[in-house]
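Overview (structure and organization)
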Amino acid sequence: MAAPKVAVVGAGVIGLSTALCITETCPSCSVTVLSDQFSPNTTSDIAAGMLIPHTYPGTPIHMQKQWFKETFTYLFAISNSAEAAEAGIHLVSGWQVFKNAPKEELPFWSDVVLGFRPMSEAELQKFPQYRFGQAFTTLKCDCPPYLLWLEKRLKATGVQMYTRKVADLWELHSEYNVVVNCAGIGAHQLVGDEKLFPIRGQVLKVHAPWVKNFIRDGDGLTYIYPGIHRVTLGGTREKESWSLSPDPGTTKDIFDRCCSLEPSLQRAQDIKVKVGLRPSRQSVRLQREVLSQGGVKLPVVHNYGHGAGGFSVHRGTAKEAAHLVGECIAALQGSSSRAKL
């Protein structure tokens, strides 16, 4: 068969990195990215981009660890290259603090990040209301630069990108051999996934260049993540809320909570408020499916539902999705060669 045509629907971090992995594992493919929004208008642009995994209850831990490890290794190599500044990737050290010691003192990802250890008594003095903490170094992606860097890489390999609202995956069957669904929260409508729900996140992006260390409350609700140009302060986790309007009361609450962890933030300047809807489900949907209508078949690979943990596992899930695309193409080539016999 001629060069297989693959459409990737969605241009957030999952869509772009999946498209890139497809070009790496299947160089003969012609890949196109279709999305109604590109950076700086995606949910990924709002994310803090910290590599601290969130646990998916419905996904085996060994799989989550594999995805995280692959993502960490990939971004660590970029952070050690001349591309680091343009890609917005850097190492950041800091603390995760708990009011009470967590059930598991060693999270599953503790041997993937760098230098993971319990905090010393002296370090804990910085956080008088907390009794236990973990210190480690991880990676952070500054999201808009990273998305633009991925787009640049894709264009260099000949990937086409079009602004297009896809209302039904089936509308692509006459143009493409395989369709990859990386629509994030859009998959709720696109494929009618009732298991997918939004978790609304409101964050502040502030100018506070003296803040160099990340600080994260162990409950994951309050966090301070320094980037190259701005510090992300969070946050909220509002299940089933579809509102994209910033809430002033929430802004004040986030700012106050972060100042209680890092009082110097009182002097932060130029506060910008951002809201995004995390595409959440019990487990990431990462699987093959064949749609069929009137005897015509369309192979689809789904890769969405990463919730708050998308950046931590994006490269690992993209590699797996690309492998599934390869399986779809092999099956198509097998059936076309059988048809010729």
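Since the structure is predicted, the reported quantities are computational estimates derived from the model, not experimental observations. (Residues numbered from 1 in each chain as written. Predicted model: local features only at pLDDT ≥ 70, side-chain atom pairs only at ≥ 80, totals over all residues. Heavy atoms only, no water.)

On to the overall build of the chain. Looking only at helices and strands, one finds nine helices and 14 strands in the chain. Relative to its length of 341 residues, the chain is compact, with a C-alpha radius of gyration of 21 Å against a globular reference of 20 Å. Sorting the 341 residues of the chain into buried and exposed places 55% on the buried side. When contacts within the chain are restricted to residue pairs at least 6 apart in sequence, long-range pairs at least 24 apart make up 76% of them. Approximately 15400 Å² of the chain is accessible, and the part contributed by carbon and sulfur atoms is 54%. The centroid of the 36 positive side-chain charges in the chain is displaced by 2 Å from the centroid of its 30 negative side-chain charges. (Helix = DSSP H or I, 4+ residues; strand = E, 2+ residues; numbered from the N terminus. Rg over C-alpha atoms; globule rule 2.2 N^0.38 Å. Buried < 20%, exposed > 50% of the residue type's maximum accessible area, 1.4 Å probe, protein only. Contact = heavy atoms within 4.5 Å. Areas by Shrake-Rupley, 256 points an atom, 1.4 Å probe, with all protein chains shown as cover. Lys, Arg positive; Asp, Glu negative; His and termini not counted. Charge placed at Lys NZ, Arg CZ, Asp CG, Glu CD.)

A word on the nonpolar core. Core analysis: the biggest nonpolar cluster contains 65 residues, and Val33, Leu75 and Tyr146 have the highest contact counts within it. Top contributing element to this core by residue count: helix H9 (residues 310–340), with nine residues. For Val33, the residues in contact, after removing those within four places along its chain, are Val8, Gly10, Ala11, Leu16, Ala19, Phe38, Val159, Gln160, Met161 and Tyr162. Counting 22 residues, the second largest nonpolar core, distinct from the first, contains Leu124, Phe127, Ile254 and Leu261. (Core = buried A, V, L, I, M, F, W, Y, C linked by side-chain atoms within 4.5 Å.)

Attention shifts here to the pattern of salt bridges. Within the structure shown, the criterion is met by 19 salt bridges. Ionic pairing is found between Glu262 and Lys126, a salt bridge with its closest N-O pair at 2.9 Å. Separated by 136 residues along the polypeptide, Glu262 in the loop between helix H8 (248–261) and strand S13 (269–293) and Lys126 in the loop between helix H5 (121–124) and strand S5 (132–141) bring together distant segments of the chain. One network of salt bridges, in which partners are shared, links Arg164, Glu171 and Glu175. (Salt bridge = Lys/Arg side-chain N within 4 Å of Asp/Glu carboxyl O.)

Compared with the 20 Å implied by 1.5 Å per residue over 14 residues, the 20 Å span of H8 between its first and last C-alpha is a close match. Along H8, the residues that are buried comprise Thr250, Thr251, Ile254, Phe255, Cys258, Cys259 and Leu261. End-on view of H8: buried residues confined to an arc of 165 degrees, all on one side of the axis. Where the residues of H8 are buried, they touch strand S3 (89–98), strand S8 (197–207), strand S9 (214–217), strand S10 (223–226), strand S11 (231–234) and S13. (Expected span 1.5 Å × (residues − 1). Arc of directions from axis to C-beta.)

Here we take up the UniProt feature "binding site: FAD" (unreviewed entry) in the chain. UniProt's entry tags Thr43, Ser44 and Val166 with the feature "binding site: FAD" (unreviewed entry), counted in the numbering of this structure. By secondary structure assignment, the location of Thr43 is in helix H2 (residues 43–46). Discounting chain neighbours no more than four positions away, the residues touching Thr43 are Gly276 and Leu277. Once you skip the residues sitting within four places of it in the chain, Val166 turns out to touch Val9, Leu34, Glu171, Leu172 and Leu190. (UniProt positions renumbered as here; feature names shortened; annotations may be inferred.)

A few words on the packing of helix H1 (residues 13–25) against helix H6 (residues 143–156). Axis separation between H1 and H6 bottoms out at 10 Å; the angle between their running directions is 30 degrees. Classed by the angle they form, the pair H1 and H6 counts as roughly parallel. The way H1 lies across H6 gives a crossing that is left-handed. Between H1 and H6, the residues in contact are Val13, Leu16, Ser17, Ala19, Leu20 and Glu24 and Tyr146, Leu147, Leu150, Glu151, Arg153 and Leu154, respectively. (Axes fitted to C-alpha atoms, helices over the stretch in contact; angles between N-to-C directions. Parallel < 35°, antiparallel > 145°, perpendicular 65-115°, else oblique. Left-handed = near helix turned anticlockwise from the far one by under 90°.)

This part is about the packing of helix H3 (residues 61–79) against H6. At a minimum axis distance of 14 Å, the contact between H3 and H6 shows a crossing angle of 90 degrees. On the basis of the axis angle, H3 is roughly perpendicular to H6. Counted together, Tyr74, Leu75 and Ile78 of H3 and Tyr146, Trp149 and Arg153 of H6 form the full contact between these two elements. Split by residue class, the contact of H3 with H6 holds five nonpolar, no polar and one charged. (Nonpolar A, V, L, I, M, F, W, Y, C, P; charged D, E, K, R; others polar.)

This next bit is on the state of the cysteines. With the rule as written, the count across this model stands at zero disulfides. With no disulfide of its own, Cys259 lies closest to Cys258 among cysteine sulfurs, the gap being 7.2 Å. For Cys259, a relative accessible area of 6% corresponds to the buried category. (Disulfide = S-S within 2.5 Å.)

Here Pro60 lies in the loop between H2 and H3. Judged by relative accessible area, Pro60 falls into the partly exposed class, the value being 39%. Distance from Pro60 to Ser283, taken between C-alpha atoms, is 9.1 Å for residues 223 residues apart in sequence.

Okay, the UniProt feature "domain: FAD dependent oxidoreductase" (unreviewed entry) in the chain next. Taking the numbering used here, the UniProt-annotated feature "domain: FAD dependent oxidoreductase" (unreviewed entry) corresponds to residues 5–324. What you have in residues 5–324 is 28% helix and 33% strand, and the ends, taken at the C-alpha atoms, are 15 Å apart.

Attention shifts here to the packing of aromatic side chains. One pass over the structure, following the stated rule, counts 11 aromatic pairs. Between Trp109 and Phe116, the ring centres sit 5.8 Å apart and the planes meet at 90 degrees, which makes this aromatic pair edge-to-face. Comparing Trp109 with Phe116, the two get one shared label, buried. For the pair Phe116 and Phe136, a centre-to-centre distance of 5.6 Å together with 25 degrees between the ring planes defines the contact as stacked. Here Phe116, found in strand S4 (residues 114–118), pairs with Phe136, found in strand S5; they are 20 residues apart in sequence, far enough to count as distant. When its relative accessible area of 17% is taken as the criterion, Phe116 is described as buried. On the basis of relative accessibility, which here comes to 2%, the residue Phe136 falls in the buried class. A network of ring pairs unites the aromatic residues Trp109, Phe116, Phe136 and Phe214 as a single cluster. (Phe/Tyr/Trp six-rings, centres within 6.5 Å; stacked < 30°, edge-to-face > 60°.)

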